[in-house]
Structure formats: C-alpha cells, structure tokens
Amino acid sequence: MSQPTATTPAQPAGTEALAAAARSVVDAVVRAGDHCAERAAELAARLRAIADELDRCAPPLQDRLGEMREFSRSVKYNPVTGPGNPFSPPLDCTDPDDAGDGTVRGAVALGLPYQGPPGHVHGGISALLMDHMMGVANGRAGVPGMTARLTLDYHRPVPLYQELTVTARHRSSDGRKVLTTGTIGAGGETYVSAEGLFIQPRTPLRE
Ligand SMILES: CCCCC/C=C\C/C=C\C/C=C\C/C=C\CCCC(=O)SCCNC(=O)CCNC(=O)[C@H](O)C(C)(C)COP(=O)(O)OP(=O)(O)OC[C@H]1O[C@@H](n2cnc3c(N)ncnc32)[C@H](O)[C@@H]1OP(=O)(O)O
C-alpha cells in the first residue's frame, strides 16, 4: 500500500473515521430529504441502534466534560476544525499557510446541512467560522481569550459547495483586550469580513 503524501491525504482512522461517517450521514439525510420518506422509519431505527451502542461506550457526562478541558481534546472535538466532531464541516487549517504576519488560513466547502438562504451558507455558520478562526489566531499569537464582541459584515452571500478560504489575524492588544479580524472569501472575493474583541482571562490559561 502506498504511503499518504501531501497530495493524498490520509484517510481518517479510529474516532475520526466515526465522526467522518456520522458527518456523511448528516449530509446524506439532508440531501435525500423526502426522497427517502418510504424508508425513513427503518433507517431511523438502524441509526438509533448505533446511537445506543455509542451511548453505552460513553463515560458519565461529568467525566467527559472534565476530559474536554484538556487542550488536545478541545482541538479534536471543537465544532469548526475538530476532526472528531461530526458537527464540524471540518474546516482544514492543519496547513495554515501562515504568511508570516500572523494570519491563519483554512479551507472548507460547506454542503446543504449548512444552508441558510437557498444555495448559500447560513449567516450564523459564517459567524461560527469567524469566531473560531479568530480564536485560533489569538491562540497562535499567545493571547487566547473569550469572545466579548463579534461584528460581521456580510458583503455577498456565501455559496455552498465551493471551496472557501477563511482567514483570521490578531491585530492588537490593549491590556487584556484583544482585537482580531477575519474574512471568508473565494477567488479573491471577500464574502464576509469580521472584527472581534476578545478578553484574555485574568489568570493565564497555562503557564
Ligand atoms: C479564556 C478562554 C479562552 C477560550 C479559547 C481557548 C483556547 C485558545 C487557544 C487556542 C485557540 C484555539 C481555538 C479557539 C477556540 C475557540 C474560540 C471561540 C471563543 C468563544 O466562543 S468564547 C464563548 C463566547 N463568549 C463568552 O461566553 C463570553 C461571555 N463573557 C464573559 O465571560 C466576560 O464578559 C468576559 C470574559 C468577556 C470579560 O469579563 P472579565 O470580567 O474578564 O472582564 P471585564 O468585564 O472586566 O472587561 C475587561 C475589559 O473589556 C471590556 N469589555 C468587556 N466586554 C466588552 C464588550 N462586550 N464590549 C466592549 N468592551 C468590553 C471592559 O469594558 C473592560 O475594559 P476596561 O479594562 O477598559 O475597563
């Protein structure tokens, strides 16, 4: 078997494969819609059985919430880039192509589960992508914080099924206040631009 290269990304394995399969179920459910109405009850029962099997593997919720405080788990299971979370598209920023100016970049194409206006991405999903990527930019700049204010300008509807470039950049810090900007675009056109005010915690997250 050939080794994965930069142009042949590795297939997900383990829990990431599970999340990828669940993600494809969500996508297929929305794409099939009423066209699978006759088989819906049967398919729902099979999916419910799988959910029950997974439930039996899950630790008590408080334990799982405790585990999730670990940074590596927040990376794996977050709802934007997290490969272990079926809710995430996932946005790929494993190769951020950092221009050396602190800009982080990611790529994602969004399907029907993320639709708002017909054929286009829901505005709240754009806000989610922006919030998260600005958080990543702040983390990389060494100034992680909580979102206090998020402002978005929606310049053009964001198309579904088109590779989007998502960028974010830490701009300035004033004490614990952190100013960050971001964009969503494609082919040189900016669909959404964003500005966020983030507040660093009073005590650092980590030494
Ligand atoms: C700390 C957690 C960090 C989270 C990120 C984790 C790791 C980062 C590492 C790597 C990055 C990887 C991934 C990124 C992941 C996620 C990114 C998504 C982030 C989120 O999804 S996060 C959820 C939504 N977010 C909230 O759930 C916040 C609810 N909120 C609060 O928890 C408090 O509200 C808080 C903490 C914001 C401030 O509370 P506080 O007590 O620390 O500070 P305080 O109120 O004293 O304000 C200090 C100065 O900021 C000014 N100020 C405050 N708020 C302002 C506003 N809205 N507009 C204008 N100015 C404002 C004040 O006026 C004062 O200014 P001044 O000093 O000049 O008087």
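Everything numeric in this text was worked out from a predicted model, so none of it was measured. (Residues numbered from 1 in each chain as written. Predicted model: local features only at pLDDT ≥ 70, side-chain atom pairs only at ≥ 80, totals over all residues. Heavy atoms only, no water.)

A word on the pattern of salt bridges
Link 1 in the chain: If you walk through the whole model with that rule in mind, you get 9 salt bridges.
Link 2 in the chain: Taking the shortest distance from any N to any O, the salt bridge between R48 and D55 comes out at 3.8 Å.
Link 3 in the chain: Residue R48 is classed as partly exposed on the basis of its relative accessible area of 47%.
Link 4 in the chain: Linked by salt bridges that have partners in common, R64, E67, E70 and R73 make up one network. (Salt bridge = Lys/Arg side-chain N within 4 Å of Asp/Glu carboxyl O. Buried < 20%, exposed > 50% of the residue type's maximum accessible area, 1.4 Å probe, protein only.)

Quick word on the site of the ligand
Link 1 in the chain: Neighbouring the ligand are 19 residues, the closest being T147, A148, R176, K177 and R202.
Link 2 in the chain: In this structure, a nitrogen atom belonging to the ligand sits 3.1 Å away from a main-chain N or O atom of A148.
Link 3 in the chain: The contact in question runs from a nitrogen atom of the ligand to an N or O atom on the side chain of R149, over 3.4 Å.
Link 4 in the chain: Elements represented by at least two residues in the shell around the ligand include exactly α5 (123-140), β2 (146-154) and β5 (189-199).
Link 5 in the chain: Per-element accounting of the shell around the ligand gives the leading share, 5 residues, to α5.
Link 6 in the chain: Taken together, the residues of the shell around the ligand break down into 9 nonpolar, 5 polar and 5 charged. (Near = heavy atom within 4 Å. Polar contact = N/O pair within 3.5 Å; in protein donor to acceptor, adjacent residues only side chain to side chain. Helix = DSSP H or I, 4+ residues; strand = E, 2+ residues; numbered from the N terminus. Nonpolar A, V, L, I, M, F, W, Y, C, P; charged D, E, K, R; others polar.)

Description of the sheet that holds strand β3 (residues 164-174)
Link 1 in the chain: Strand order in this open sheet of 5 strands is β1-β3-β4-β5-β2, and the pairing throughout is antiparallel. Across the chains shown, the open sheet's two edge strands, defined by having one partner strand only, are β1 (103-108) and β2. The average angle at which neighbouring strand axes cross in this sheet is 20°, direction not considered.
Link 2 in the chain: Here 10 bridges tie strand β4 (residues 177-186) to β5, and the two strands are oriented antiparallel to one another. When the sheet's bridge partners are listed, T183 is paired in β5 with S193. (Pairing = 2+ DSSP bridges. Axes fitted to C-alpha atoms, helices over the stretch in contact; angles between N-to-C directions.)

Considerations on the packing of aromatic side chains
The geometry of two aromatic rings is summed up by the distance between their centres and the angle between their planes.
Link 1 in the chain: What the rule picks out here adds up to 0 aromatic pairs.
Link 2 in the chain: The ring of Y77 carries R64 above its face, with NZ or CZ at 4.7 Å from the centroid. (Phe/Tyr/Trp six-rings, centres within 6.5 Å; stacked < 30°, edge-to-face > 60°. Lys NZ or Arg CZ within 6 Å of the ring centre and 35° of its normal.)

Side note on the confidence of the model for the protein
Link 1 in the chain: The predicted model of the protein averages 92 in pLDDT, with 91% of residues at 70 or higher.
Link 2 in the chain: The low-confidence segment residues 1-9 (pLDDT under 50) makes 2 contacts with residues lying over four places distant or belonging to another chain.
Link 3 in the chain: Predicted complex metrics record ipTM = 0.93 and pTM = 0.92. (pLDDT = per-residue confidence, 0-100. Contact = heavy atoms within 4.5 Å.)

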